[in-house]
Amino acid sequence: MAENEDETIVPDDQCNLAASTPMKSSDLDNVESPKERKTSVAKCDGEGNPPPGSPGGSPPQLTPCSIPPRRRRSPRRPEVSASRLPLKVLNKIFQYLSLKGKNFFNEHFLPYFIDLRSAMLTCHSWNNALAMEDSDIWQQLLSLKLPEAAVVDPFLFAELGSARKKLRAWYYAWNTDDISRNNYVRTNGFTVHRQPVAQSTDGVRGKRGVSQGVHAFDITWDGPLGTVAVVGFATKHAALQCAGYIALLGSDDQSWGWNLVDNVLMHNGTQLGVYPKMNNPPKYEVGEKIRLVVDCEKHVAYFERNSEFLGIAFSHIPPLRLYPAVCAVYGNTEVTMVYVGSPQMG
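Residues numbered from 1 in each chain as written. Predicted model: local features only at pLDDT ≥ 70, side-chain atom pairs only at ≥ 80, totals over all residues. Heavy atoms only, no water.

Going by what an unreviewed UniProt entry lists, the protein is known as F-box/SPRY domain-containing protein 1 and is assigned to Caenorhabditis remanei. According to its UniProt record, the protein has this under Sequence similarities (unreviewed entry): "Belongs to the FBXO45/Fsn family." The protein has a UniProt comment under Subcellular location (unreviewed entry) that states "Synapse". (UniProt positions renumbered as here; feature names shortened; annotations may be inferred.)

Take a look at the structure:
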């Protein structure tokens, strides 16, 4: 028996002990009685799982009152890109952009307000909205900037069809701070009036000069010419007032002028010949429109009268910033100048 106690009992394939395997007395303590087996079976359901609520069973079911209410999310609003705003909305926004700033012009000397120019460079949609030259944006800015006397004048902007071009012309009009003491600019901002002062030649310059590109200015003389009536252009250093009655515009190397009285071109105090270059050229008649064209790329300047090209007046013009200018001697005469931009060639 001592030898059997040390033997290792190996179960068969069904985990049962062999019939010939002797059972030790200590193994009887681990045998489950039928009563205990019945009790353990009663604690399980037909599938061998413990009933609900018993230890180790499934958790109790939650009642509807015990479930916390689910928070409903508000519908998300679709995001609207600023580049896709409707045109009417952009018009309203751009009307309130700031009008302040020192430099209103880009490299081609076209007048844009700083904020508006920045808006044009933002995206295609904004650029297209501001490219409409007669839109509500430019109409609003025009009414804020231009004097009422200029807006209601039916003949002043005959060559300018859009509000944007009219606003641009305002920034090239006569300069109230660059003028002879005997002249003053009328309330429309585009007409200079010479007061009746004896023995004085008086001139005026435009607000903005040009140094690149091609630019055209329409000049109309309203009133008698007197003995001297010169139209042309000058630098910032040219004189605008002198004693006596002389062709002040063209009397030095800082100005170029065409005397409408005797049809003579003047520069640096020298007469350059008759203009237009023909025998007995017609005299200027009061009220005729003279167009001054300055081509800074080819360094030439010429005039047109009633849309008729009169030939090249000045050539080899130095690369300087040039301002439209006139000088007059007759009392109460008036000269109107309107910037029309780049002329249509051909």
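Moving on from the model shown.
Caption draft 1: Summary view of the pairing of strand β13 (residues 308-314). With four bridges connecting them, strand β12 (residues 300-305) and β13 associate as antiparallel partners. Among the inter-strand pairings, A301 is bridged to a residue of β13, identified as F314. The loop that links β12 with its antiparallel partner β13 comprises two residues; one of these, N306, has a positive phi angle of about 55°. (Pairing = 2+ DSSP bridges. Helix = DSSP H or I, 4+ residues; strand = E, 2+ residues; numbered from the N terminus.)

Caption draft 2: Inspection of the packing of aromatic side chains at higher detail. Summed over all chains, the structure comprises eleven aromatic pairs. Seen from their ring centres, Y172 and F217 are 6.4 Å apart, and the 65° between their planes marks the pair as edge-to-face. Residue Y172 is found in the loop between α8 (163-170) and β1 (174-179), and its partner F217 is found in strand β5 (residues 214-222); the two are separated by 45 residues along the sequence. This pair shows no difference in class: Y172 is buried, exactly as F217 is. On the numbers, 5.0 Å between centres and 50° between planes, the contact of W258 with F303 is tilted. Placement of the pair is W258 in strand β8 (residues 255-259) and F303 in strand β12, with a sequence separation of 45 residues. The pair formed by W258 and F303 is uniform in burial state, with each residue classed as buried. Following the ring pairs from residue to residue traces out a cluster consisting of F157, W170 and F190. (Phe/Tyr/Trp six-rings, centres within 6.5 Å; stacked < 30°, edge-to-face > 60°. Buried < 20%, exposed > 50% of the residue type's maximum accessible area, 1.4 Å probe, protein only.)

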